[in-house]
Amino acid sequence: MRMKEFGTPWHKEIFYWKLFDVFKENLFLLVAKKDGIPVGASVAVRYGNTCYSLYHVIPRKFQKFGISLTLYYYLMEKARSCGIKRFCFGRSQKGTGPYRFKKGFGAKEYPVYIYLFKKKGTAFIPETMEFVSEKYEWATVFIKNLPMFFLNYLSGNLRKWVY
């Protein structure tokens, strides 16, 4: 639900099975439930002395319950108990709630450069993320407006075209 709210296609189920297979005991998967209903999830991997938060999603209607804070807390607690020294929260945009939240935990800011490379003749030319975001803005609108039963079928295929 939250990925649909973002307008972001999610991975096919096979992606998550591959994560389990590749990272095995170095994979952290937390699911928060309220009255037996999943209301948030966090997926992270350990690589060396760092825990990398890959996905952290809480549907908008459940955010008021402090689920994000709880999931991050337990994820960091578990990582520390495994001897992990650093925690990477992942990217967020300045001025957003997630950015302020991460700064509140003491996160240090590092620039993230994301490029899409296009082949032009024999060279590969990078396009900056701002351009890529504008270029695929139609996909965000498309995803936000599709019914869930279509998205569950299409999303993994959309992801490889858009990202």
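Calculation criteria
Within every chain, residues take consecutive numbers counted from 1 along the sequence as written. Confidence filtering applies because this is a predicted model: local features only for residues at pLDDT of at least 70, side-chain atom pairs given and counted only at 80 or more, and all residues used for totals across whole chains, interfaces and linings. The basis for every side-chain value is the complete set of heavy atoms in the structure, and neither hydrogens nor water enter the calculation. In DSSP terms, a helix is any run of H or I states spanning at least four residues, a strand is any run of E spanning at least two, and both are numbered starting from the N terminus. Classification of residues uses two cut-offs on accessible area relative to the type maximum, computed with a 1.4 Å probe and protein chains only: under 20% is buried, over 50% is exposed, and between them is partly exposed. Here a residue-residue contact requires only that any non-hydrogen atoms of the pair lie within 4.5 Å. To measure how exposed things are, a 1.4 Å probe is used in the Shrake-Rupley method; for residues, cover is taken only from the protein chains shown. Here, a salt bridge means any side-chain nitrogen of Lys or Arg that lies within 4 Å of a carboxyl oxygen of Asp or Glu. In this analysis, strands are considered paired if DSSP registers two or more bridges between them. To obtain an axis, a line is fitted to C-alpha atoms, over the contacting stretch when the element is a helix, and the angle between two such axes runs from 0 to 180 degrees between their N-to-C directions.

Regarding its fold elements, the protein chain presents seven helices and six strands. Listing every helix and strand of the protein chain by position from the N terminus yields α-α-β-β-β-α-β-α-β-β-α-α-α. Burial status across the protein chain gives 29% buried among its 163 residues. Within the protein chain, residue pairs in contact and separated by at least 24 positions form 49% of the contacts whose partners lie at least 6 positions apart. Counting only carbon and sulfur atoms, one obtains 60% of the accessible surface of the protein chain, whose full area is about 11,600 Å².

The next point concerns the pattern of salt bridges. Pairing between side chains of opposite charge can happen when the charged atoms of each approach one another. What the rule picks out here adds up to three salt bridges. Linking Asp21 and Lys24 is a salt bridge whose minimum nitrogen-to-oxygen distance equals 3.6 Å. For Lys34, the salt bridge identified is with Asp35, shortest N-O distance 3.5 Å. Owing to a relative accessible area of 72%, Asp35 belongs among the exposed residues under this scheme.

Below, the discussion takes up the sheet that holds strand β4 (residues 86-88). Within the open sheet, the four strands sit side by side as β1-β2-β3-β4. Their pairing is mixed. The sheet terminates laterally at β1 (27-34) and β4, the two strands that pair on one side only. Averaged over all pairs of adjacent strands, the angle between their axes in this sheet comes to 25°, without regard to strand direction. Bridging between β1 and strand β2 (residues 37-47) involves eight bridges; their strand directions are antiparallel. Within the sheet, the bridge partner assigned to Leu27 lies in β2 and is Val45. Contacts from helix α3 (residues 67-81) reach β1, β2, β3 (50-57) and β4 within the one sheet, and its direction differs from that of β1 by about 145°.

In short, geometric facts, not functional conclusions.
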